[in-house]
Amino acid sequence: MAQKPKVDPHVGRLGYLQALVTEFQETESEDAKEQVLANLANFAYDPSNYQYLRQLQVLDLFLDSLSEENETLVEFAIEPVPGVLGGPAVLPSLLVGPGPRTGAPAARRQHQPKARIV
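It should be emphasised that the depicted structure is a prediction, and the values quoted were computed from it without experimental measurement.

Procedures and definitions
- Residues numbered from 1 in each chain as written.
- Predicted model: local features only at pLDDT ≥ 70, side-chain atom pairs only at ≥ 80, totals over all residues.
- Heavy atoms only, no water.
- Helix = DSSP H or I, 4+ residues; strand = E, 2+ residues; numbered from the N terminus.
- Buried < 20%, exposed > 50% of the residue type's maximum accessible area, 1.4 Å probe, protein only.
- Contact = heavy atoms within 4.5 Å.
- Salt bridge = Lys/Arg side-chain N within 4 Å of Asp/Glu carboxyl O.
- Patch = residues over 30% accessible without salt bridge, like charges linked within 9 Å, V, L, I, M, F, W, Y side chains within 5 Å.
- Areas by Shrake-Rupley, 256 points an atom, 1.4 Å probe, with all protein chains shown as cover.
- Axes fitted to C-alpha atoms, helices over the stretch in contact; angles between N-to-C directions.
- Parallel < 35°, antiparallel > 145°, perpendicular 65-115°, else oblique.
- Nonpolar A, V, L, I, M, F, W, Y, C, P; charged D, E, K, R; others polar.
- Expected span 1.5 Å × (residues − 1).
- Left-handed = near helix turned anticlockwise from the far one by under 90°.
- pLDDT = per-residue confidence, 0-100.

Account for the side chain of Ser 65, naming residues and giving values.
By the secondary structure assignment, Ser 65 is in helix H4 (residues 58-65). Given the relative accessible area of 2%, Ser 65 is considered buried. Aside from chain neighbours lying at most four places away, what touches Ser 65 is Phe 24, Leu 37, Leu 73, Val 74 and Ala 77.

Tell me about the pattern of salt bridges, residues and numbers included.
Under the definition given, this model contains 1 salt bridge. In this structure, Arg 13 engages Asp 46 in a salt bridge whose closest nitrogen and oxygen atoms are separated by 3.7 Å. With Arg 13 in helix H1 (residues 12-26) and Asp 46 in the loop between helix H2 (30-43) and helix H3 (50-55), this residue pair connects regions lying 33 residues apart in the sequence. A residue is classified by how much of its surface remains accessible, and Arg 13, at 37% relative accessible area, is partly exposed. What makes Asp 46 partly exposed here is its relative accessible area of 31%.

Provide a residue-level description of a nonpolar patch on the surface, including the pertinent values.
On the surface, Leu 63, Leu 66 and Ile 78 cluster together to form a nonpolar patch covering roughly 240 Å² of accessible area. Its place among the elements puts Ile 78 in helix H5 (residues 71-78).

Quick one: what's the story with unusual backbone geometry, residue by residue and with numbers?
Within the chain, Gln 57 stands out as a residue other than glycine whose phi angle is a positive 55°. Along the polypeptide, Gln 57 turns up in the loop between H3 and H4.

Can you tell me about the packing of H2 against H5, naming the residues and giving the values?
Two quantities define a packed helix pair, namely the angle between the axes and the distance from one axis to the other. Axis separation between H2 and H5 bottoms out at 9 Å; the angle between their running directions is 10°. By the angle between their directions, the pair H2 and H5 is classed as roughly parallel. Judged by residue contacts, Glu 30, Lys 33, Glu 34, Leu 37, Ala 38 and Ala 41 of H2 engage Thr 72, Leu 73, Phe 76 and Ala 77 from H5. Of the residues belonging to the contact of H2 with H5, the class tally is 6 nonpolar, 1 polar and 3 charged.

Pulling in residues and values, what's your account of H1?
The terminal C-alpha atoms of H1 lie 21 Å apart, and with 15 residues this matches the ideal 21 Å at 1.5 Å per residue to within 8%. Restricting attention to buried positions, one finds in H1 the residues Leu 17, Ala 19, Leu 20, Val 21, Glu 23 and Phe 24. Where the residues of H1 are buried, they touch H2, H3, H4 and H5.

Can you tell me about the packing of H2 against H4, naming the residues and giving the values?
At a minimum axis separation of 11 Å, H2 and H4 run at an interaxial angle of 130°. In this view, H2 runs oblique relative to H4, as classed from their interaxial angle. Pair H2 / H4 crosses with left-handed handedness. Along the contact surface, H2 presents Leu 37, Leu 40 and Ala 41, while H4 presents Leu 61, Phe 62 and Ser 65. Tallied by class, residues from the contact of H2 with H4 come to 5 nonpolar, 1 polar and no charged.

Account for the confidence of the model for the chain, with residues named and values stated.
Summary statistics for the chain give a mean pLDDT of 75 and a share of 60% for residues scoring 70 or more. Confidence, expressed as mean pLDDT per element, reaches its minimum in the chain at helix H8 (residues 106-110) with 38 and its maximum at H1 with 95. Across residues 97-116 the pLDDT falls below 50, and counting only partners more than four positions away or on other chains, this stretch makes 15 contacts in the model.

Right, dumping it as structure tokens:
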């Protein structure tokens, strides 16, 4: 079982999350990685944490974990992705995918009128 990150109690939530990210990146223990990723996933369910998770690029950490052979890591990584991106409202955009060069969701692109050549 992983130990709690050694964090100065005065650094706050951002410091704690940074310590979790650092521990995940540096540990060799699969059990510790699972526990840390589960903790980060739990933080992703609270909208007040979104800004910190984005700042620490936790989404990249979750996405990288999706390619792990450890099924537990994959499970812990996939569930919080919509939350880290901005909550459930972004899920339809994720499922449809980005539009060309604009970053606009493809669903929105389909409803734009096409220019006619006369």
